[in-house]
Every structure is written in C-alpha cells, then in structure tokens.
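Observations on the model geometry
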Amino acid sequence: GMSEPWYSDGLFFSCVHCGRCCRRAGIVSLASAELSAIAAFMKLSEEEFFRRYACRDGQRMILRDGARGECIFYDWDSALCRIYPFRPAQCRSYPFWPALLASREAWERESALCPGIGTGVFHSMESLEAMSDDGDST
C-alpha cells in the first residue's frame, strides 16, 4: 500500500570485499562495547587502543582516519579490514543505513560506489528493517 517503503519487494546485496567503502571519506562511530572487543582482539588496553585509533567527536567516539583518508583499519596490501570479525555495527550494516534506504535515488547513487549493491543475496523488507534498526547509532 501507500505506506510501504520503496524497497518493499526487497533488495539484493552481497559484499564483494572491494574495500571501496573503507577507502572513502566518512565517519565511523564506535560504541564502547565495540571499542572493548576490538582492543581485546588487538591485545591492547582500552586506553592504548583509544589513544592510537579513536577520538571524540562531541558525545560520540569515532575511528581515526588513516594517512590517505581511508579507515585506519584498512590494509592497502590485502585490500581487507584488519579487524573484520570485530568491525563496528556501522560497517557491518552497510549499505543498509537509514540514509541509503531513505529513497531509491539514494540507494542507486550508492550503487555507483559499491559494486555489491544489486547483486548476490536477496534481503527481504523485514530483514532490511531489522538491520537498519541494529546499525542506527542515534
């Protein structure tokens, strides 16, 4: 009906591990539980992890950028994430972010940047809405 979102028939997406989303300018928010998990994975104290890899942006914690504007955990040699199993919810939920699901136009614009959009696994409207709730950092 009228109240159904534009993606009510579902969307296709599979990550192709191209690293494009990791190399783009952007801000990755970090929840304190995520910081703890990543620090433990890296065998660093939370204080040391924060000093090296994060900073404050108002009320939230964010990951620092690497030297070329990429994510600090992006490894140029392998084109992979160095903390992939512990990557933040924001990374995990991409590209199903509220801003990208807001309109077909936003989704199609993003598909020009992300080769995984429109391919691979089918995601129903229900699963999309569950994901965007999880990844919403507000």
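Here, the structure is the one placed above.
In short, a report on the structure. As the structure is a computational prediction, the values presented were derived from the model and not from experiment. (Residues numbered from 1 in each chain as written. Predicted model: local features only at pLDDT ≥ 70, side-chain atom pairs only at ≥ 80, totals over all residues. Heavy atoms only, no water.)

1. Observations regarding the pattern of salt bridges
- This model, assessed by the stated rule, comprises 4 salt bridges.
- Between Arg-51 and Glu-48 there is a salt bridge; the shortest N-O distance is 2.9 Å. Placement of the pair is Arg-51 and Glu-48 together in helix 3 (residues 46–53), with a separation of 3 residues, close to one helical turn.
- Since its relative accessible area comes to 55%, Arg-51 is described here as exposed.
- Look at the salt bridges and you will find they share partners, linking Glu-48, Arg-51 and Arg-52 into a network. (Salt bridge = Lys/Arg side-chain N within 4 Å of Asp/Glu carboxyl O. Helix = DSSP H or I, 4+ residues; strand = E, 2+ residues; numbered from the N terminus. Buried < 20%, exposed > 50% of the residue type's maximum accessible area, 1.4 Å probe, protein only.)

2. A look at helix 6 (residues 104–111)
- Those residues of helix 6 lying buried are Ala-106, Trp-107 and Glu-110. Looking straight down helix 6, one finds that the buried residues subtend no more than 100° of arc, so they occupy a single side. (Arc of directions from axis to C-beta.)

3. Brief notes about the packing of aromatic side chains
- Going through the model one piece at a time under the given rule, you end up with 11 aromatic pairs.
- Considering the side-chain rings of Trp-6 and Tyr-7, the 5.5 Å spacing of their centres and the 90° angle between planes classify their relative orientation as edge-to-face.
- Judged by its relative accessible area of 21%, Trp-6 falls in the partly exposed class.
- Overall, the relative accessible area of 9% leaves Tyr-7 in the buried class.
- An aromatic cluster is defined as three or more aromatic residues linked by ring pairs; in this entry it consists of Trp-6, Tyr-7, Phe-13, Phe-96 and Trp-107.
- Sitting above the plane of the Tyr-84 ring, Arg-87 keeps its charged end 3.8 Å from the centroid. (Phe/Tyr/Trp six-rings, centres within 6.5 Å; stacked < 30°, edge-to-face > 60°. Lys NZ or Arg CZ within 6 Å of the ring centre and 35° of its normal.)

4. What to know about the environment of Phe-86
- For Phe-86, the location among the structural elements is in the loop between strand 6 (80–81) and helix 4 (89–93).
- Spatially, the C-alpha atom of Phe-86 lies 7.3 Å from that of Glu-34, the residues being 52 residues apart in sequence.

5. Focus: the sheet that holds strand 4 (residues 60–63)
- The strand order across the open sheet built from 3 strands is 2-4-3, with neighbouring strands paired in antiparallel fashion. The two strands at the open ends of the sheet, each matched to only one other strand, are strand 2 (29–30) and strand 3 (54–57).
- In this structure, strand 2 lies alongside strand 4, joined through 2 bridges in antiparallel fashion. Bridging across to strand 4, Leu-30 finds its partner in Met-61.
- Across the face of the sheet, helix 3 comes into contact with strand 2, strand 3 and strand 4 while running at roughly 75° to strand 3. (Pairing = 2+ DSSP bridges. Contact = heavy atoms within 4.5 Å. Axes fitted to C-alpha atoms, helices over the stretch in contact; angles between N-to-C directions.)

6. Some details on unusual backbone geometry
- For the peptide bond that leads from Tyr-94 to Pro-95, omega is 5°, which places it in the cis range.
- Structurally, the position occupied by Pro-95 is in the loop between helix 4 and helix 5 (98–101).
- The phi dihedral of His-17 is positive, around 55°, even though this residue is not glycine.
- As for its position among the elements, His-17 is in the loop between strand 1 (11–13) and helix 1 (20–23).
- Judged by its relative accessible area of 42%, His-17 falls in the partly exposed class.
- Positive phi outside glycine occurs at Ala-79, with the angle close to 60°.
- Relative to the elements of secondary structure, Ala-79 occurs in the loop between strand 5 (74–75) and strand 6.

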